[in-house]
Amino acid sequence: MSIKVVNVVKQFGEQRAVKNISFEIDKGEIVGFLGRNGAGKSTTMKMITGNLPLTEGQIFVNGLDVKSELDSIKSQIGYLPEHNPLYLDMYVHEFLQFCGKVYGIKGQVLIARINEIVAQCGLLKEQNKLIGSLSKGYRQRVGLAQALLHNPSVLILDEPTTGLDPNQIIEIRELIQSISKDKTVLLSTHIMQEVQALCSRAIIIKNGEIVANETVDELTTEEQSHTIKIELADVADLSSWKEKEKILSIQKANKLTYLIKASEDIRKQIFKWAGEEGVDLVGISLEKGSMETVFQKLTKD
Ligand SMILES: Nc1ncnc2c1ncn2[C@@H]1O[C@H](COP(=O)(O)OP(=O)(O)OP(=O)(O)O)[C@@H](O)[C@H]1O
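These numbers were taken from a predicted model, which means no experiment stands behind them.

**Considering the nonpolar core**
Among the nonpolar cores identified, the biggest contains 62 residues, and Ala145, Ile156 and Leu186 are the most heavily contacted of them. Sorting elements by how many residues they give to this core places helix 5 (residues 136–148) first, with 5 residues. Dropping the residues within four chain positions of it, Ile156 is found in contact with Met45, Ile48, Thr49, Ile77, Tyr79 and Leu186.

What follows is the structure, encoded as structure tokens:
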């Protein structure tokens with residue numbers, strides 16, 4: 001288990017921002033951390049990285065307790081905080097040297113590592129520029145480079161693509177995908193497509209409580225688990241099927257495709273009815289919902 005969060009609470013004065021949450025993330029997983037503004041994502045991420053003390057509970061990273069073994073943990077975690085705080089008056093190379101020293105990497109080893117990470121993060125042309133002169137997308141690459149410099153096994157990325165243009169979003173997403181191989185990643189985002197593109201699982205937090213912790217497939221299938229798409233080889237009249245048990249509605253998507261809403265998964269019965277009535281079925285599948293709908297449903301007040 002790379003990350004284990006056990007009954008964690010965070011209290012800010014009167015406000016209980018994180019309320020007794022627990023979850024685990026296995027080695028090699030990329031997990032999306034979702035929730036509306038103020039739900040508690042950044043607070044949880046700060047506690048995992050040891051940047052904020054826990055009020056109650058325990059967090060383990062690679063089996064080490066954040067409360068008592070923070071120094072060892074810091075070398076195993078790469079963290080890209082929200083708003084990516086960078087020294088704008090430093091040059092990219094200079095900043096990465098500074099970060100490397102903080103991690104205790106020095107001399108030729110550090111230079112070799114910076115060269116490697118600069119190439120990996122697509123910063124070759126920008127490495128001698130001032131950070132303040134870089135576009136937002138390139139600043140994000142610098143943020144990722146500092147998070148990766150010490151080759152951590154766990155990455156905590158707080159809204160890594162927020163504020164980027166659509167092309168930059170795709171570039172950063174591809175970069176995350178390529179750097180995440182063999183790493184455990186917890187990534188917060190408000191972009192649902194990102195979760196579908198990058199994450200195997202999503203943890204959804206609402207008002208400091210976990211309301212879902214499932215694979216993206218499970219979440220989206222459940223959402224519309226009773227909408228069945230059928231494709232026919234020939235035109236057929238299915239209007240009488242509206243009267244069949246468990247069918248709620250039938251919608252014609254095009255000449256040969258229908259969407260059947262039912263009170264449960266009735267694919268087996270549909271096969272049977274098609275056989276009995278000579279309807280030539282060439283395709284049948286459960287429709288998936290979108291992560292947007294799932295998110296709205298799970299986080300609305
Ligand atoms: N240092 C702090 N002092 C007091 N309250 C805080 C502090 N940090 C966060 N909070 C509060 O805790 C709650 C959760 O904040 P958090 O930043 O974790 O939300 P979030 O899910 O990351 O939101 P966003 O998507 O807007 O970044 C908010 O109500 C916030 O105001």
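**Concerning helix 3 (residues 92–102)**
Every buried residue of helix 3 is listed here: Val92, Phe95, Leu96, Cys99 and Gly100. Looking straight down helix 3, one finds that the buried residues subtend no more than 140° of arc, so they occupy a single side. Exposed side chains of helix 3 directed beyond 90 degrees from the buried face belong to Phe98 and Lys101. Against the buried residues of helix 3 lie helix 4 (107–120) and helix 5. Directly beyond the C-terminal end of helix 3, a positive phi value near 85° is found at Gly104.

**Focus: the pairing of strand 10 (residues 209–215)**
Across 6 bridges, the pairing between strand 9 (residues 201–206) and strand 10 is antiparallel. Following the sheet pairing, Ile204 is matched in strand 10 by Ala212. The hairpin turn running from strand 9 into strand 10, its antiparallel successor, is 2 residues long, and Asn207 in that turn takes a positive phi close to 45°.

**Observations concerning the environment of Ala39**
By the element assignment, Ala39 lies in the loop between strand 3 (30–34) and helix 1 (41–48). Residues Ala39 and Ile205, 166 residues apart in the sequence, show an inter-C-alpha distance of 6.1 Å. Apart from residues lying up to four places away in sequence, Ala39 is in contact with Ile205, Lys206, Asn207 and Gly208.

Basis of the calculations
- Residues numbered from 1 in each chain as written.
- Predicted model: local features only at pLDDT ≥ 70, side-chain atom pairs only at ≥ 80, totals over all residues.
- Core = buried A, V, L, I, M, F, W, Y, C linked by C-beta atoms within 7 Å.
- Buried ≥ 20, exposed ≤ 12 C-beta atoms within 10 Å, placed from the backbone.
- Helix = DSSP H or I, 4+ residues; strand = E, 2+ residues; numbered from the N terminus.
- Contact = placed C-beta atoms within 7 Å.
- Arc of directions from axis to C-beta.
- Pairing = 2+ DSSP bridges.

Function cannot be read off these values alone, since they describe shape.
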